[in-house]
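Chain residues, written in single-letter form:
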Amino acid sequence: MKASRRTFLKTVGGIGLFSIVPRNVLGGNGFVAPSDQLTKGIIGVGGIGRSSYHFTSSKECRLVSVCDVDNNHLQSAVKAAKERFGEDVKAYHDFRELITDPNVDVVHIATPPHWHAIMAIEAAKAGKDIWCEKPMTRTIGEGKRVVEAMKRYNRVFRLNTWFRFTDTFYGLGTTVEPLKKLVASGMLGWPLKVVVSGSTGFTWKFFWVGKENLQPQPVPKELDYDMWLGPAPFKPYNQHRTHQTFRGYWDYDGGGLTDMGQHYLDPVQYILGKDNTSPVKIEIDAPQQHPDAVGIWRKITYTYEDGCQIVLEGEGFESSPDTAYIEGPKGKVYKGFRCTIPDVMNKLAELPDPEPQNTDFIDCIRTRKKFALNEMNGHRSCTLVNLGAVGLRLNRSVLHFDPVKQTFIGDDVANMMIDQPMRGNWKV
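The following refers to the structure shown. Keep in mind that what you see is a predicted model, and the values were worked out from it rather than measured.

1. Description of the overall build of the chain
Looking only at helices and strands, the chain features 13 helices and 15 strands. Scaling as 2.2 N^0.38, a compact globule of 428 residues should have a C-alpha radius of gyration of about 22 Å, and the chain matches this with 22 Å. Put simply, the chain has 428 residues, and 56% of those count as buried. Counting contacts in the chain only where the partners sit at least 6 residues apart, residues at least 24 apart contribute 68% of the total.

Structure (structure tokens):
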């Protein structure tokens, strides 16, 4: 009798148990045999994990399990999987049971960010490949640990934000590719300044702020609040802390800056060629932040060693509609991809395209190639938002950062924010 793919994997020992055999070995010619089908489990099915883009099941990657600490979310996901895909998925309350399930190849982490690092690292230890929502991690230190774990356990990691790939970017009326070519050509000169604001196509969702002095409420019977908190400090339950509004509290996220910031800063990092480094100076203009609830900020400026800058304009600090998105000593680019360089599109057409990116996650798993937005460059773009979050929380006007050591210079208190303590026995 012909052995199934999973039977074969189980016979080759501990590491082989969790390995993915390349398509050219088991399928070939693009054919996906049933025994070669990948499987996935989703952790967190109350929000983004249940969206039409993520809650999927296909011939190449079948949904086999879901996990949530809210029983209402969990049962709703089980029902949806049956109705939409005809799948009888396993339901887990504890994520550790999902990631150690031998029937799961890929773990999709769609929880609040304070869980991302722990789950990604534990999934890597269990031999799983990982699809993680943004922001990649809640702290800089957690990001460093994720990078180390993916290398140690040889896992494929995908961070979920698409603007550096194919989506139309900001209000510029173009994908990232022409911007990347323009910057690389040197036609704009160097160094460059990028301004991210409402005027250049994005506002920072300032309604994602917290409420001060929350009053304790009874924990709903369907929610395991202690497990929802996990590594976060204990705070009495209030509905506003959890589910769709958790972004407004420092213990779990960092408002629109950290939750949406990586969507819009990661492509800037790519355009500027900063995938392997970080800014050396962070300047912050913001009111004093509450220790628990995320507040607003006016302006954050990141400066790199070569003089390039990224300027984030927040609430009450709107530049004029004539502000350039990218500005260099030789030229400027505005919304709608208006450029001061004459005949710029014809000039760009004559230049080579940027190096192709691996954007097929399933193929990356099968071939063991790095996904285009992976743990390494994803950590660097996540560091951008976490640098801002540290400055906001500490009420710093200026921070200096060493992008090689990934530590703050001359600021012991800021360095304590790189690796923050976790509650109970949780750790990365």
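Anyway, onward from the coordinates.
2. A word on the environment of Glu 122
Position of Glu 122 among the secondary structure elements: in helix α5 (residues 116–125). When the C-alpha atoms of Glu 122 and Val 146 are compared, they prove to be 9.7 Å apart, with 24 residues separating the residues in sequence. With residues up to four places along the chain from it excluded, the contact list for Glu 122 reads Phe 95 and Ile 99.

3. Structural notes on the pattern of salt bridges
The final tally for this structure, using the stated rule, is 23 salt bridges. Here Lys 125 makes a salt bridge to Glu 122, at a shortest N to O gap of 3.3 Å. Placement of both Lys 125 and Glu 122 in helix α5 is noted, with a separation of three residues, approximately one turn of the helix. Taking the relative accessible area as the measure of exposure, Lys 125 reaches 46% and is therefore partly exposed. Relative accessible area serves as the criterion here: at 27%, Glu 122 is assigned to the partly exposed category. Close ionic contact of Arg 368 with Asp 129 constitutes a salt bridge, the shortest N to O distance being 2.9 Å. Of this pair, Arg 368 sits in the loop between α11 (361–367) and α12 (375–393) while Asp 129 sits in strand β5 (residues 129–133); the two residues are 239 residues apart in sequence, bridging distant segments of the chain. The class of Arg 368 is partly exposed, set by a relative accessible area of 28%. Assessed through its relative accessible area of 0%, Asp 129 is described here as buried.

Reading the values: the criteria
- Within each chain, residues carry numbers counting from 1 in the order of the written sequence.
- Local features in a predicted model are, by the rule used here, given only for residues with pLDDT of at least 70; side-chain atom pairs are given and counted only at 80 or more, and totals for whole chains, interfaces and linings are based on all residues.
- For side-chain calculations, the full set of non-hydrogen atoms in the structure is used, while hydrogens and water are omitted.
- Numbering of helices and strands runs from the N terminus, with a helix taken as a DSSP run of H or I at least four residues long and a strand as a DSSP run of E at least two residues long.
- All radius of gyration figures rest on C-alpha atoms, and the globule criterion is 2.2 Å times the number of residues raised to 0.38.
- Summary of the burial criterion: residues with accessible area below 20% of their type's maximum are buried, those above 50% are exposed, and those between are partly exposed, where the area comes from a 1.4 Å probe applied to protein chains only.
- Between two residues, a contact is recorded if the distance between any of their heavy atoms is within 4.5 Å.
- We define a salt bridge as a contact between a side-chain nitrogen of Lys or Arg and a carboxyl oxygen of Asp or Glu at a distance within 4 Å.

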